[in-house]
Structure formats: structure tokens, C-alpha cells
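# Breakdown of the fold
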Amino acid sequence: MENKHFIRTIIENDLKSGKHERPITRFPPEPNGFLHLGHARAIIMNHNLAKDYRGTFNLRFDDTNPLTEDALFVEGMKEDIAWLGCHWDNLFFASDYFEEMYERAMVLVKKGKAYVCDLSAEDIKATRGDLTTPGTDSPYRDRRVEENIRLFEAMRAGAFEDGACVLRAKIDMASPNMNMRDPVIYRIQHSSHHNTKDAWCIYPMYDFAHPLEDAIEGITHSLCTLEFEDHRPIYDWYVEHCEMPKVPRQIEFGKLIIAHQVTGKRFIRQLVEAGVVDGWDDPRLITLSGLRRRGVPPEAIHRFVQALGLPKTEGETDVEMFNEYVRDVMHATAPRIHAVLDPLKVVITNYEGDVETVMNAPFHKDDETFGARPVHFGRELYIERSDFLPDKPDKHWKRLSLGLEVRLMHAYFIRAESFDTDDRGQVETVYCTYDKRTKSGSGFKERKPNGTIHFLEATSAKTATFHLFENLVDPDKDDSLPLEARLNPHSKQAFSGFVEAGVPFEEGDAFQFTRNGYFAVDRDASEDRPVFNRVVALKSSFKAPGRKKRT
RNA sequence: UGGGCUAUGGCCAAGUGGUUAAGGCAUCGGACUUUGACUCCGACAUCGGUGGUUCGAAUCCACCUAGCCCAGCCA
């Protein structure tokens, strides 16, 4: 169950005191990029808070800057949020409120709380002061109200060039909070907006627009991240002085940061352009679309986010914690089948006759509703190359070696007798004998095998491609190095191997390939050659021979 | 050096004056095992520091230290 975080407490108190009957929350992304796992916290929390207290959850695109926004991003974000299962009660755009925002700004102008300032951007910066020294008043600060009205109307009407002037709030140039030093309300920007096209040439700034958007929608609890904490005074100032009938409350929480992951837009764009990743939905990225393509179940994201709660601290969470929730969900939902990623041929020298069906093996040992599928056995098999070593390296080795017997899962015990190598000395074929009496399900107990490995009968196996992923960024490299110097060259590995035939593979279908991990069918798969992405590996306490560390 | 915020084990995170200081991840033992998986047992912190208030403090006060955010006509 989710931690009862401080925001729940606030909402419950507001409900109890009668301040609000129902909470109204919103997720307000700017449509200028992609959503990633970090955003999932905000999406899910806003969504669940509304749902749990029978309130309303709005999806609102905060599209107040036509220079960086695009309708394409709107569609992408809607798709990602819907995939997460966070269904919004209302879909809004900040740009739908442009007229009301303008009128509210005019209220400020008429009250003498805002003025048109002709200072250049550089001069505004120069007169703002800095962290320790107060700013100085603009020479335009005391313009008459009538003149401000006329000028602001002219701004809207397109009388001025970009940057010629701005509308500013008249607050306090000496405030220790930089946000209160006569912040800009409207800037002139002659450019086409994805939604309002050319209707406007002035656009409101975030600090002014956001509280009004919240107030207009009647948002009760406006959640945002910590860096907006010192914007709260300006948020409240605009709600009050613009005379908004409804008063939303801004509450800040900590961002969800996953250690050693790439989320920066510019950097991802570079990686895409350089061909390092396949796109914003590359399975190595923790963008929501990347996670979806990799095959991560949305349920895992929900559980992860809820386990973390909504703290006011900002830490870096280890991806392993996320991976554990992915395994958790897939453990329960993924059918088990066999796949050999890196095949090594095995010949059963004492096997005579045709391929046989050994048994019907369950798709899920703990849940018979998954059903079963036939397992084939024959003279030629494939096992995982890493499951054979000529000489048993140490007492922990639970796989195949010369003279040792292992169980082939759902089939027989086999004993390795000899092997061939190719001209490079690499093992080519392992010759084994099998013992008919050890058939799976027979209850044979006379000998204990040296472990259990998975396999595929050669003639019935289906060829397939497997993608294995590691962190895009090498976590062991010094964090002070630039990201490009920390890229992991092995972040994606492709294997050509085999998978059980007879199971249909459709895009997105997820499986556990026994002993190899959880995999999902990639969209690039074709009828005769499926492509699988490894969603997450199985946990393993296997210690590679000669090593102390687990791998 | 101005303002805002944060500080609980390797990583997250509960805890709001009296608890053996939850839980998850990771790690280390061990049991079980037709997945070295799962499951199951067990190990693993005195709460940034110092001083105070109190019968009693991670929880209250003071001071200190460390980290994060703020000087876009971005959001």
C-alpha cells in the first residue's frame, strides 16, 4: 500500500474541515518533449489523489510558449498517460484561457498593479539586482494607468515588435525573493501557436499563467516540484490580485530521479541523431514510450511510484528498485517458455528414432490456468553456450561438464561424454548420452543431477532475435565526466538464437524465458522471426567461476 | 555573504515526545527448488553535528554543518 504522504494528510484535513468537498487535481505538462519515469510520479499521484477522494483529475497542457511546443508532443503525451491507465476527466489547454488571462492582466493594470515596461531584456536583467543586492525600479514603473491600458492594448493588437516592451507586475524590486522583483507577465512573441495559431502575439509567462489556469479550473491542490517553492508567493499574489474566485493551493514535492539514467531532452536528441539510440522510445531509455517498447507493464510503474510515496526530499533512486517491481508483476503474469539465446549444439548419441514429445509442460508452475505446451526431445538439441564448460570449474557449478549429468528441464538427464571444437578452439558440439529412465514426471530419484538447464529440440525450434540491454550510462564511471564519456558501449546486445515454436508471438506479449529473464515481443518482429526485448533479467545468485562477485 | 527548502543504514522511505527506530531495494548467511528464479528463515541504523528543554527526543528549542533551488521577455 502506498505511504500516506503529507499531501494526503492535507487533502483529508481540507475535506474534513469542509474547505473542499472534492479535490480537483491536474497534471500540467508543457508539450515540448516526452514524458519519462520521473513524470510518472506526478501523473499517478495527481490521478490517484483525485480518484481516491472521488475528485476530478484534469490533463492540462501548459502551452504558453509557442516557440517550443508542438501538437505532436500533445499526442505523444496523451498516449503515454493513457497507457499508464491514468484516465483524465477533462482535457484542457492553457491556451484556451488566453482571453481570460488577458482580461485578468488588465484587472492588474487598472488597479495600478501592473505596468508596461519598455526596458530591453538586458536592461531588465541589469536592474533586477542579484541574490544579495536589491534591484532598482524601472523608469516606466510609474506610468499612468490610462497609458498602461493603452499600451497593453497596443501590445495585444500587434503594434510592437518582439521584445519592444513587456507587461510587468508592480511588486517589490527589493524583495529577497527574486520572483517578486516586478516579474514579467506578458511578452511579445509574433509566432504561430499550435492551438491558437495567429490569434495572439503576446503570451503570458508561467508564473502568471499557471495560478490562473489552476484557479480557472478550480484546482484545489496544485502539486508541483520543489524548485517552485519560492514561486508560491507570486502564485498566491496573482490569484489574489487578479481576483480569482477560486483559490488553489500550491504544494511542492520532491522530483523522482532515477540514478544513472538519461532523461535530458537535448542529450537524448543528440543520442538519437548520432544513432546511439533508436529514438525516444528506445528500450534503454526510461521515457514512458521507451519503457512501453521494452515491455514494462504499467502496473509495475504504479507499484514503484506508490512504494516511493510523495516525499519532500530529493534523492536518486536505484533502478534496481524499479526492476524489482517489474519482476514482481511479470512473475505473476508472464507464461514461462524456453529460449536459447546463444546456442550450443548437443547431440544425444544414444538417442534413436524421431523427435518425441516428452511431456506437456506448464506455462506457469504456480498457476495452472496458464495451461501447458508440448516439449520436444530428439537427437539434436540446443543448450545455452554458457551452460557447458568442459571441466567443472568449482563445486558451485550446477551446469554441464564432461562426465557430469544435468537435468534438461521437462525432459531427461543427459551426461556429457565428449565435445568438438572449431578451428578457433571454440566448443562446437557437445556429445551426450541420455537416460530414458530419468524422464520428467517419472519420479526418478536414484541420482541427483548436477543442476537443471533449459534446452530446445533443434528441428522444432524457431529462430529468433533477442535484445539484451544494460544501462545506457555506465554507473561505475565518474559522475563528473560528461554523459557522452560515460556511455556504456555494451548497452545493447543482439543475439540470434531459438525459441519454442508453437506459441504465438504478438507485439507486446510478454514471457519468461526460463533462466534468461522476462522478455516482450518487439514491434520489429516478423512472422518467421520474432524479435524479443529483455524487459528485465531474473535475479541471480550465480557466482561466475573464479569470481567472488555475483554477476 | 539575500531568500526558500532538505538532512533517518549502501539506495529509497515510515516515524509528528514513551516503538525492540516500519517496510522495500541492495548485501551477507541458510533452507527449499525440474528456473543458481520464486518462496521461506536469519543478519544488517540510535536518526547530519553540538548544546539545551523533559522523568523520557529521530520527534521540541538554539547554534552549527552539508546539500539542493532562485538573478529567462523558459516551464
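Figured I'd write up the structure that's included with this text.

Cut-offs used in this document
- Residues numbered from 1 in each chain as written.
- Chains lettered and ligands numbered in written order.
- Predicted model: local features only at pLDDT ≥ 70, side-chain atom pairs only at ≥ 80, totals over all residues.
- Heavy atoms only, no water.
- Phe/Tyr/Trp six-rings, centres within 6.5 Å; stacked < 30°, edge-to-face > 60°.
- Buried < 20%, exposed > 50% of the residue type's maximum accessible area, 1.4 Å probe, protein only.
- Lys NZ or Arg CZ within 6 Å of the ring centre and 35° of its normal.
- Pairing = 2+ DSSP bridges.
- Helix = DSSP H or I, 4+ residues; strand = E, 2+ residues; numbered from the N terminus.
- Right-handed = clockwise from strand over helix to strand, strands pointing away.
- Axes fitted to C-alpha atoms, helices over the stretch in contact; angles between N-to-C directions.
- Parallel < 35°, antiparallel > 145°, perpendicular 65-115°, else oblique.
- Contact = heavy atoms within 4.5 Å.
- Nonpolar A, V, L, I, M, F, W, Y, C, P; charged D, E, K, R; others polar.
- Near = heavy atom within 4 Å.
- Polar contact = N/O pair within 3.5 Å; in protein donor to acceptor, adjacent residues only side chain to side chain.
- Salt bridge = Lys/Arg side-chain N within 4 Å of Asp/Glu carboxyl O.

So, on to the packing of aromatic side chains. For the structure on display, the rule yields 32 aromatic pairs. Seen in terms of ring centroids, W237 and Y238 are 5.4 Å apart; in terms of plane orientation they differ by 85 degrees. Their pairing is edge-to-face. The class for W237 is buried, based on a relative accessible area of 11%. For Y238, a relative accessible area of 0% gives the class buried. One aromatic cluster is present, formed by F98, Y102, F152, Y186, W200, Y203, F208, W237 and Y238 through successive ring pairs. The side chain of R156 reaches across the aromatic face of Y102, ending 4.5 Å from its centre. The ring of F542 has R399 sitting right over it, with the charged end atom 4.1 Å from the ring centre.

The subject of this paragraph is the pairing of strand 3 (residues 90-93). Every other side chain in a regular strand lies on the same face of the sheet, so the side chains alternate between the two faces. Here strand 2 (residues 56-61) runs beside strand 3; their pairing, made up of four bridges, is parallel. Within strand 3, the position partnered with R60 by the bridge is F92. For the crossover that starts at strand 2, traverses helix 3 (residues 71-84) and ends in the parallel strand 3, the hand is right-handed.

Two elements in contact, helix 2 (residues 37-52) and helix 11 (residues 298-308), have axes separated by 10 Å at closest approach and are oriented at 80 degrees. As the angle between them shows, helix 2 and helix 11 are arranged roughly perpendicular. Contacts from L37, A40, R41, I44, M45 and N48 of helix 2 reach helix 11 at I301, H302, F304, V305, Q306 and L308. Of the residues contributing to the contact of helix 2 with helix 11, the split by class is eight nonpolar, three polar and one charged.

The full set close to RNA strand B counts 65 residues, and L308, H396, S440, G441 and Q512 are the nearest of them. Counted by atom, the contact set of RNA strand B within 4 Å of the protein is 64% sugar and phosphate. In the model, a sugar or linking oxygen of RNA strand B is placed 2.8 Å from a nitrogen or oxygen of the D62 side chain. R515 places a polar main-chain atom, nitrogen or oxygen, 3.0 Å from a base oxygen of RNA strand B. Only helix 5 (121-127), strand 6 (184-188), strand 11 (316-317) and helix 12 (319-333) provide two or more residues apiece to the surface near RNA strand B. With five residues, helix 12 is the largest single contributor of residues to the surface near RNA strand B.

Glancing now at the pattern of salt bridges. Evaluated as defined, the whole model comprises 39 salt bridges. The residue E75 makes a salt bridge to K78 at a minimum N-O spacing of 3.6 Å. In this pair, E75 and K78 both sit in helix 3, three residues apart, roughly one turn of the helix. For E75, a relative accessible area of 44% gives the class partly exposed. Where R303 meets D328, a salt bridge forms, and the shortest distance between an N and an O atom there is 3.4 Å. Placement of R303 in helix 11 and of D328 in helix 12 is noted, with a sequence separation of 25 residues between them.

What follows deals with the sheet that holds strand 5 (residues 166-169). Taken in spatial order, the four strands line up as 4-5-6-7 in an open sheet, and their pairing is antiparallel. Each of the sheet's edge strands pairs with one partner strand only, and the pair in question is strand 4 (114-117) and strand 7 (202-204). Mean inter-strand twist for the sheet, computed between neighbouring axes without regard to direction, equals 20 degrees. Direction of pairing for strand 4 relative to strand 5: antiparallel, over a ladder of four bridges. Within the sheet, the bridge partner assigned to Y115 lies in strand 5 and is R168. Running over the sheet, helix 4 (residues 98-110) touches strand 4, strand 5, strand 6 and strand 7 and is turned about 120 degrees from strand 6.

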